[in-house]
Amino acid sequence: MQQKFPGIAAIPWDQPATMIDLDGKPPLIGTIRDCAVHFGLYKPHAKAQARIVLTQPVHREGRKTRTWLLDPEEIEALAERLKLETH
């Protein structure tokens, strides 16, 4: 199965990260796994507002430099990866 976001698939579950949203709610400080779990619990509006700030940047296809921020569709891919790995 080909990954939609190959750079995202390489992020280890225990990497520290912070999930923020654009509505100004308090951030979730934890691991990538924590962020993916919480993202799966969000309602659609909250999912659209969510972002993850990484502690180590990742390469994203189509960009010249590595980036520190994950967008909702990339977080969704992490949540799906978590589901596949835990079931």
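Shown above is the structure to which this text applies.
These remarks concern the structure in this document. Only a predicted model underlies this, so the values are computations on that prediction, with no experimental measurement involved. (Residues numbered from 1 in each chain as written. Predicted model: local features only at pLDDT ≥ 70, side-chain atom pairs only at ≥ 80, totals over all residues. Heavy atoms only, no water.)

A look at the packing of aromatic side chains
Here is step 1 of the chain: Summed over all chains, the structure comprises 1 aromatic pair.
Here is step 2 of the chain: Summarising the aromatic geometry, the rings of Phe-39 and Tyr-42 are spaced 6.3 Å apart at their centres and angled 55° between planes, so their arrangement reads as tilted.
Here is step 3 of the chain: On the accessibility criterion, Tyr-42 (28% relative accessible area) is partly exposed.
Here is step 4 of the chain: Across the ring face of Trp-13, the terminal group of Arg-81 is positioned such that the distance to the ring centre comes to 4.1 Å. (Phe/Tyr/Trp six-rings, centres within 6.5 Å; stacked < 30°, edge-to-face > 60°. Buried < 20%, exposed > 50% of the residue type's maximum accessible area, 1.4 Å probe, protein only. Lys NZ or Arg CZ within 6 Å of the ring centre and 35° of its normal.)

Thoughts on the environment of Pro-27
Here is step 1 of the chain: Turning to its location among the elements, Pro-27 is positioned in the loop between strand 1 (16-21) and strand 2 (28-31).
Here is step 2 of the chain: As a C-alpha pair, Pro-27 and Ala-50 span 23 residues in sequence and 9.8 Å in three-dimensional space.
Here is step 3 of the chain: Those residues in contact with Pro-27 that sit more than four places away from it in its chain are Thr-18, Met-19 and Ile-20. (Helix = DSSP H or I, 4+ residues; strand = E, 2+ residues; numbered from the N terminus. Contact = heavy atoms within 4.5 Å.)

Let's talk about helix 2 (residues 32-41)
Here is step 1 of the chain: All of the buried residues along helix 2 are Ile-32, Cys-35, Ala-36 and Phe-39. All buried residues of helix 2 fall inside an arc of 100° around its axis, so they share one side.
Here is step 2 of the chain: Looking at the buried positions of helix 2, the neighbouring elements they touch are strand 1, strand 2, helix 3 (44-49), strand 3 (50-58) and helix 4 (72-86). (Arc of directions from axis to C-beta.)

Observations concerning the side chain of Thr-67
Here is step 1 of the chain: Here Thr-67 lies in strand 4 (residues 67-70).
Here is step 2 of the chain: A residue is classified by how much of its surface remains accessible, and Thr-67, at 11% relative accessible area, is buried.
Here is step 3 of the chain: Among all residues touching Thr-67, those that are not within four sequence positions of it are Leu-54, Pro-57, Val-58 and Arg-60.

Let's talk about a nonpolar patch on the surface
Here is step 1 of the chain: A contiguous nonpolar patch, built from Ile-20, Val-53 and Leu-69 and spanning about 180 Å² of accessible area, is present on the exposed surface.
Here is step 2 of the chain: Within the secondary structure, Leu-69 sits in strand 4.
Here is step 3 of the chain: For Leu-69, a relative accessible area of 34% corresponds to the partly exposed category. (Patch = residues over 30% accessible without salt bridge, like charges linked within 9 Å, V, L, I, M, F, W, Y side chains within 5 Å. Areas by Shrake-Rupley, 256 points an atom, 1.4 Å probe, with all protein chains shown as cover. Salt bridge = Lys/Arg side-chain N within 4 Å of Asp/Glu carboxyl O.)

Examining the sheet that holds strand 3
Here is step 1 of the chain: Reading across from one edge, 2-1-3-4 is the order of the 4 strands in this open sheet, with antiparallel pairing throughout. The open sheet has two edge strands, strand 2 and strand 4, and neither has a second partner. Neighbour-to-neighbour, the strand axes of the sheet open up by a mean angle of 30°, direction not taken into account.
Here is step 2 of the chain: This element, helix 4, spans strand 3 and strand 4 of the sheet and lies at about 80° to strand 3. (Pairing = 2+ DSSP bridges. Axes fitted to C-alpha atoms, helices over the stretch in contact; angles between N-to-C directions.)

Points about helix 4
Residues lying three or four places apart along an α-helix face the same way, a consequence of the helix completing one turn every 3.6 residues.
Here is step 1 of the chain: The first and last C-alpha atoms of helix 4 sit 21 Å apart over 15 residues, in line with the 21 Å expected at 1.5 Å per residue.
Here is step 2 of the chain: Taken together, the buried positions of helix 4 are occupied by Pro-72, Glu-74, Ile-75, Leu-78, Ala-79, Arg-81 and Leu-82. (Expected span 1.5 Å × (residues − 1).)

Nothing here speaks to function; it is all geometry.
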